[in-house]
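Now for the letters of each chain:
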Amino acid sequence: MSVFASDWLDALFAKFSVPKKDSAEFLEVRQAYGGLPLAAIACHGLSDLDRTVESADNAQGRWSSLTAAERCQVLHDWATLVLQQQETLARLIALEQGKILAEARAEVQSTVRYINWFAEEAKRPKGEVVPPKRLNQHLMTIRRPIGVVGAITPWNFPLQLLARKVAPALAAGCAVVSKPAPETPLSALALQDLAFQAGLDRRLWAVLLGDARRLGKALCQHAAVRMLSFTGSSRVGKELLGLCAPTVKKTVMELGGNAPFVACEDADLDKVAEQLVASRFRNSGQTCVATNRALVQRAVLPELIKRLKPLIAALRCGDPLDPAVDQGPLIHAGALARVEGLISRAVMDGAEVLQGGAVDPVHFNVYQPTLLCLPDHGDVTRREIFQEEIFGPVLTLTAFGNDDEAIHLANATRQGLAAYVFSRDTSRLLRIMEGLEFGMVGLNNAVLSSEAVPFGGMKESGLGREGGHEGLESYCEIQYVNLSYA
Ligand code: ADP
């Protein structure tokens, strides 16, 4: 048996390694840790995209005319199959993406929860009856599925972020044409296959692989694609927003974060240290809601550093398949070089390395878990390391004096995804929270994500929300109906 340890996956990926008619190109998928080849998957061309959109468009009407309960059942059956394959999928994610097995398992479980959540939400698209101005009139609003949805997803949560788009789209009665990241196409193909095993019409969900720029552009420009749901960098998101304008597509954009973590002097410092490490180092720091900037009240900074250092030193790096390992590699050599460049420029700019601060000399594509203290003088908000989303295992510390300064520092970014505040004083927590320009705020808690709540950002972190009842709304249009009767 192959490295996937699964006959199902071996047979599935073999099917996708056959070249497409109009494209002789292949996507070489490699293990994130070690770089060995995993599979060569045939790429799609633009004619595949056109064909796929057309057949999704044809199939969508029938799907949306099923009862919500019927769509709900297909989604529940899909979730059940995903859960049954938990170990296989977790291993696949660990191989392809490089997160440790425990985190990969958690991703599979969260994927299952999202699918089940939207299976139930399928039954609850809300409408309204509005009081009319005249007698003998009924004014109503109803929710209609938006049609064919384009979904472009990144590699950092290859299963969950895809399910978070496909499940609500299908629940609402839409069809999906998706394009996963080239680093992690196998997780997408596996997830799709399980949906088909659950009885989903194959025309309702396509996974396109190949040139991201070409396929992405064509998806955005296609008139029959009525919506684009994108998760990825702010840079690409802005480009795609422009491409969606000529066809006036609805968009959901989940873009970059630059999360501040405000630690007040009256906070429980043991908890602060533990949550900072969990939030920053999960998935080797490659999480959009990860703490990117710890803002620590000056009086407790030395004490917090004392608590952080042993926790960070204890993180074991290496093969994500090894259950003893806490931190795996970065996604590829380019990501490693980017983090290395950011940190060396921060150090030249006066940052002090308290722990780590270099590429791991032993393990493949691993950056050492790193603690950096930014200089306590000058305008810290102008520093590159303060403004960039690090996307690596590097925690930066910045001192602040009072709450107003903490709010100013926290908001001094064009992103507004997640923010965290820790204090034992509830009034203080709420005052600071009210000053924060972020779509999600964790008070004494840095683990926010749940299928039951709206995930999304303010400012340049995006548009729209995923999860919660808002997550289904995103895939619906509102239709207003005015009925006059005799
Ligand atoms: P990340 O930094 O997480 O890789 P990206 O925004 O580069 O974020 O990638 C997110 C998704 O967008 C991936 O599926 C990627 O293939 C796709 N993508 C990247 N560049 C483009 C582009 N120019 N046009 C369309 N899609 C793109």
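Just so we're clear, the structure is a prediction, and the values are computed from it rather than from any experiment.

Comments concerning the state of the cysteines
Across all of its chains, the model carries zero disulfides by this definition. Cysteine 288 takes part in no disulfide bond, and the closest cysteine sulfur to it belongs to cysteine 220, at a distance of 19 Å.

Digging into the site of the ligand
What surrounds the ligand is a group of 17 residues, the closest being Thr153, Trp155, Lys179, Ala212 and Ser233. Within the side chain of serine 233, an N or O atom sits 2.7 Å from an oxygen atom of the ligand. When the ligand is considered free in solution it has 550 Å² of accessible area, and contact with the protein chains removes 82% of it. Of all elements in the fold, only helix H8 (212-221), strand S8 (225-231) and helix H9 (234-244) reach the threshold of two or more residues within the shell around the ligand. Grouping the constituent residues of the shell around the ligand by class yields nine nonpolar, five polar and three charged.

Considering the nonpolar core
Membership of the largest hydrophobic core comes to 90 residues, with the highest contact counts inside it found for Ile41, Trp78, Val82, Leu186, Leu200 and Trp205. Leaving out residues up to four positions away in the same chain, tryptophan 205 has contacts with Trp78, Leu162, Val166, Val176, Ser178, Leu191, Gln192, Ala195, Phe196 and Leu200.

Examining the environment of valine 347
As for its placement among the helices and strands, valine 347 is situated in helix H12 (residues 333-348). Placed ten residues apart in sequence, valine 347 and glycine 357 show a C-alpha to C-alpha distance of 9.0 Å. In this structure, valine 347 is in contact with Val353 and Leu372, ignoring residues within four places of it in sequence.

With respect to the packing of aromatic side chains
Scanning all chains against the criterion turns up seven aromatic pairs. Both rings, one in tyrosine 114 and one in phenylalanine 118, keep their centres 6.5 Å apart while their planes meet at 20°; by these two values the pair is stacked. You can see tyrosine 114 and its partner phenylalanine 118 sitting in helix H5 (residues 101-121), four residues apart, about one turn around the helix. Classification of tyrosine 114 by relative accessible area gives buried; the value is 1%. Between tryptophan 155 and phenylalanine 391 the ring centres are 5.9 Å apart and the planes differ by 80°, which places this aromatic pair in the edge-to-face class. On the criterion of sequence distance, the pair formed by tryptophan 155 in the loop between strand S5 (148-152) and helix H6 (160-172) and phenylalanine 391 in the loop between helix H13 (384-387) and strand S14 (394-400) is long-range, its members being 236 residues apart. An identical accessibility class is assigned to tryptophan 155 and phenylalanine 391; each is buried. Taken together, the ring pairs in this structure connect Phe261, Tyr420 and Phe422 into an aromatic cluster. Over the aromatic face of phenylalanine 386 sits the side chain of arginine 293, whose NZ or CZ is 4.7 Å from the ring centroid.

Details of the sheet that holds strand S16 (residues 418-422)
Here we have seven strands laid out as an open sheet, ordered S12-S13-S14-S11-S10-S16-S17, and mixed in their pairing. Strands with a single pairing partner mark the edges of an open sheet, and in this sheet they are strand S12 (352-355) and strand S17 (440-443). Taken pair by pair, the neighbouring strands of this sheet meet at an average axis angle of 25°, ignoring direction. As defined by bridge partners, strand S11 (residues 291-297) adjoins S14 across four bridges and the pair is classed as parallel. Paired with valine 296 across the two strands is alanine 399, which belongs to S14. Contacting S11, S16 and S17, helix H15 (residues 426-435) crosses the sheet at an angle of about 165° to S17.

Concerning the side chain of serine 187
On the secondary structure map, serine 187 appears in helix H7 (residues 185-197). Beyond its immediate sequence surroundings of up to four residues, serine 187 is in contact with Leu92, Ile93, Glu96, Pro158 and Leu159.

Considering H9
Buried within H9 we find Ser234, Gly237, Leu240, Leu243 and Cys244. Buried residues along H9 sit against S5, H8, S8, strand S9 (250-254) and strand S15 (415-416).

Points about the packing of helix H4 (residues 86-97) against H7
Axis separation between H4 and H7 bottoms out at 9 Å; the angle between their running directions is 160°. For the element pair H4 / H7, the angle class is roughly antiparallel. By crossing handedness, the relation of H4 to H7 is classed as left-handed. Here H4 contributes Leu89, Leu92, Ile93 and Glu96 to the contact with H7, which in turn contributes Pro185, Leu186, Ser187, Ala190 and Leu194. Residue classes in the contact of H4 with H7 are distributed as seven nonpolar, one polar and one charged.

Digging into the pattern of salt bridges
Scanning the model with the defined rule gives 25 salt bridges in all. In this structure, the salt-bridge partner of arginine 235 is glutamate 239, at a minimum N-O distance of 3.9 Å. With arginine 235 and glutamate 239 both in helix H9, this residue pair falls four residues apart, about one helical turn. Glutamate 239 gets classed as partly exposed once you look at its relative accessible area, which sits at 34%. We note a salt bridge from arginine 338 to glutamate 388, for which the minimum N-O separation is 3.4 Å. Here the residue arginine 338 occupies a position in helix H12, and glutamate 388 occupies one in the loop between H13 and S14, the gap between them amounting to 50 residues. Residue class for arginine 338 comes out partly exposed when judged on its relative accessible area of 34%. Taken together, the shared-partner salt bridges connect Asp270, Glu303, Lys306 and Arg307 into one network.

Calculation rules
- Residues numbered from 1 in each chain as written.
- Predicted model: local features only at pLDDT ≥ 70, side-chain atom pairs only at ≥ 80, totals over all residues.
- Heavy atoms only, no water.
- Disulfide = S-S within 2.5 Å.
- Near = heavy atom within 4 Å.
- Polar contact = N/O pair within 3.5 Å; in protein donor to acceptor, adjacent residues only side chain to side chain.
- Areas by Shrake-Rupley, 256 points an atom, 1.4 Å probe, with all protein chains shown as cover.
- Helix = DSSP H or I, 4+ residues; strand = E, 2+ residues; numbered from the N terminus.
- Nonpolar A, V, L, I, M, F, W, Y, C, P; charged D, E, K, R; others polar.
- Core = buried A, V, L, I, M, F, W, Y, C linked by side-chain atoms within 4.5 Å.
- Buried < 20%, exposed > 50% of the residue type's maximum accessible area, 1.4 Å probe, protein only.
- Contact = heavy atoms within 4.5 Å.
- Phe/Tyr/Trp six-rings, centres within 6.5 Å; stacked < 30°, edge-to-face > 60°.
- Lys NZ or Arg CZ within 6 Å of the ring centre and 35° of its normal.
- Pairing = 2+ DSSP bridges.
- Axes fitted to C-alpha atoms, helices over the stretch in contact; angles between N-to-C directions.
- Parallel < 35°, antiparallel > 145°, perpendicular 65-115°, else oblique.
- Left-handed = near helix turned anticlockwise from the far one by under 90°.
- Salt bridge = Lys/Arg side-chain N within 4 Å of Asp/Glu carboxyl O.

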